[in-house]
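# Residue-level structure breakdown
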Amino acid sequence: MKSPSMQLTEVDENGAVLVYRSTRSGFSKYFKGQLMEIADALYGLKLKITIIDRQNDTTGGTTGPIAIQGGLKTVIVRYRLDFDNKDYMEAKVNKTIHPSQKKLGPVDGTVLLEMFPFAIIIDESMQISGAGEKMVEAWGLDNVTSSGQSTIIYSTVTDHFKLRRPKGIPFTWQNILHFHTVLFELELIRISHEDKDEDKKESHAISLDAMTITAERRESQGVMKNILLKGQMRFITEINSVIFLCSPIINNLDELHNMGLFLNDLNAHGLSREMVMAGWQHFSRLEYTFEREEQRSDELETSLHLADSWKRQGDDLLYSMIPKPVAERLRAGLNPLSTCQSFEQVTVVFGELHDDSHLSTDIKDAMSAVTTLNTCFSAFDELVHSPMVYKVETVGHVYMVVSGAPDMNPLHVQHASDLAINMVAKIKELDLPGVSVKIGLHSGPVVAGVVGLKVPRYCLFGDTVNIASRMESSGEPNKIQVTEYIAQKLRKLGYMLESRGLVKVKGKGEMKTFWLESGPKK
């Protein structure tokens, strides 16, 4: 996991602008609160913080959005910090310089380019207005205009250089000024001879023999690696430009050769040459390893985000087969038998679809019948709302629902009856040719639990289930048959019922049943 970064981009008498970057979303408000607490506790400042703009900062999660090309998008939030900053600005403006500095004479820009032969001067339009001798040689002595000037001069810096560090920011003039205290890493993009334009293939006379020899020795090495340059951006007020004071990052002599450079090309001052010879620049390898680990960290965060998504999908599938409380107990390692519960009063609903339009055994008719079943059962699923009612299972043409289990529900009779009325209404609304539904209800005690190891299901057991099934099987199309016990309950609540009389029920003899016509009048 990469830590967030914060940079001040603007400072004035009334406060500052702070930019927050992170690969995790949803923390911008926490960060705002932390700033206010730190300002108050450590400095006695009362900050007023407002968010100027934000990018990729989504709510409802901690992982940033995934980019199309892979990895996570960077969350960028700009804050305006309002506080009394007059003392700091006054001290900055009225800062006194040491007397010795007043005696220093002007320094010509060519001196810096001699001291830093790989340095480049960048003007406000992001064009290269000057470059050190070794930079020109590294770019290619044959990459010159008709007047003999290197093509890298007065070209746009982003055409030839790629910003490696600081990461996550555009390579613009404003960002160079804002991050002037940060070490920059630029990669010089070398072009091969095959990529050069035809008009640049013409030979140009070079007056100095030494430069001709240098060009030949560099070109003899074929396609050369890009050069990674590291240094500081320094703004020079007199010319309104920035000079990139840099040196190449070299790990060993082999890399030096592959880049088309020589030991004498490195800066004469400092320890660059000695560090290459002694192998003291192995920290670059560590940086490369660190970058690889950062990349792996990004990949891991992406994988965790995907795993999170897959887990949610798996949970949704599991909870569609087993009630959530029961599933959680099974996950805790409890024996499936320990999940069995007895419920004193529940209402069981059975609904069986009848499709008179698909009675043949033809495979085409069978597929059409499956489509009809799916349409009807999907419509029923939309009517089932937990915890008022719970869908137990579908077996063939039969749809089974219970109210009062696995969640206790004192209004189980009303909720189950309302569902049954809505199921009949939904079938009539779908208006499928030859399709009807028979529904039966009964209330009483049941035992519920998970049965089986492969494809486990939440099942109900008891005489109440059998009687509810008999109410459905002995019913009529698009009608709801209920037992006398339920009828007595519903009449007190204002439901409309009609007596059917005595009905012979298998295993129970004759039972007095009722048709449930409609709910209470509103």
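Residues numbered from 1 in each chain as written. Predicted model: local features only at pLDDT ≥ 70, side-chain atom pairs only at ≥ 80, totals over all residues. Heavy atoms only, no water.

- The protein appears in an unreviewed UniProt entry as guanylate cyclase from Phlebotomus papatasi.
- According to the UniProt record, the Sequence similarities (unreviewed entry) comment for the protein reads "Belongs to the adenylyl cyclase class-4/guanylyl cyclase family."
- Note on the protein: under the UniProt heading Subcellular location (unreviewed entry), the record states "Cytoplasm". (UniProt positions renumbered as here; feature names shortened; annotations may be inferred.)

## What about a nonpolar patch on the surface?
- Taken together, Leu 8, Val 11 and Tyr 88 make up a surface patch of nonpolar side chains, about 280 Å² in accessible area.
- Here Tyr 88 is to be found in helix α2 (residues 86–93). (Patch = residues over 30% accessible without salt bridge, like charges linked within 9 Å, V, L, I, M, F, W, Y side chains within 5 Å. Areas by Shrake-Rupley, 256 points an atom, 1.4 Å probe, with all protein chains shown as cover. Salt bridge = Lys/Arg side-chain N within 4 Å of Asp/Glu carboxyl O. Helix = DSSP H or I, 4+ residues; strand = E, 2+ residues; numbered from the N terminus.)

## Observations concerning the packing of helix α13 (residues 363–383) against helix α14 (residues 412–430)
- Where α13 meets α14, the closest approach of the two axes is 10 Å, and the angle between their N-to-C directions is 140 degrees. The orientation of α13 relative to α14 falls into the category oblique. When you trace α13 past α14, the crossing you get is right-handed. Contacts between α13 and α14 pair Thr 375, Cys 376, Ala 379, Phe 380 and Leu 383 from the former with Leu 419, Asn 422, Met 423, Lys 426, Ile 427 and Leu 430 from the latter.
- Its residues assigned to classes, the contact of α13 with α14 comprises 8 nonpolar, 2 polar and 1 charged. (Axes fitted to C-alpha atoms, helices over the stretch in contact; angles between N-to-C directions. Parallel < 35°, antiparallel > 145°, perpendicular 65-115°, else oblique. Left-handed = near helix turned anticlockwise from the far one by under 90°. Contact = heavy atoms within 4.5 Å. Nonpolar A, V, L, I, M, F, W, Y, C, P; charged D, E, K, R; others polar.)

## A short note on the pattern of salt bridges
- On inspection of all chains with the given rule, the structure shows 19 salt bridges.
- Two residues, Arg 500 and Glu 476, come together in a salt bridge whose shortest N-O distance is 3.8 Å. Of this pair, Arg 500 sits in strand β17 (residues 496–505) while Glu 476 sits in the loop between α15 (463–473) and β16 (479–483), placing them 24 residues apart in sequence.
- Looking at Glu 476, the relative accessible area reads 32%, which means it is partly exposed. (Buried < 20%, exposed > 50% of the residue type's maximum accessible area, 1.4 Å probe, protein only.)

## A closer look at the nonpolar core
- Among the nonpolar cores identified, the biggest contains 32 residues, and Ile 120, Met 135, Phe 161 and Met 233 are the most heavily contacted of them.
- Mapped onto this core, the elements with two or more residues apiece are β5 (120–123), β6 (128–131), α5 (133–139), β7 (161–165), α7 (173–178), β8 (183–188), β9 (227–236) and β10 (241–248).
- The element that contributes the greatest number of residues to this core is α5, accounting for 4 residues.
- Grouped together as the second largest cluster of nonpolar side chains are 31 residues, Val 384, Tyr 399, Leu 419 and Val 437 included. (Core = buried A, V, L, I, M, F, W, Y, C linked by side-chain atoms within 4.5 Å.)

## A closer look at the sheet that holds β8
- Across the sheet, which stays open at both edges, the 6 strands sit in the order β6-β5-β10-β9-β8-β7 with antiparallel pairing between neighbours. On the outer flanks of this sheet lie β6 and β7, each paired with one strand and no other. Sheet twist, expressed as the average angle between the axes of neighbouring strands with direction ignored, equals 30 degrees.
- Summarising the sheet, β5 and β6 pair through 3 bridges and their orientation is antiparallel. Paired with Ile 120 across the bridge in β6 is Ala 131. (Pairing = 2+ DSSP bridges.)

## A closer look at the sheet that holds strand β3 (residues 48–55)
- Spatially, 4 strands are ordered β1-β2-β4-β3 in an open sheet, and the strand pairing comes out antiparallel. Of all the strands in the sheet, just β1 (5–12) and β3 have a single pairing partner and so form its edges. Pairwise comparison of adjacent strand axes, ignoring direction, gives a mean angle of 20 degrees for this sheet.
- Sheet topology places β3 next to strand β4 (residues 75–82); 7 bridges connect them, and they run antiparallel. Each bridged residue has a counterpart across the sheet, and for Gln 55 the counterpart in β4 is Ile 76.
- Running over the sheet, helix α1 (residues 28–43) touches β1, β2 (15–22), β3 and β4 and is turned about 30 degrees from β4.

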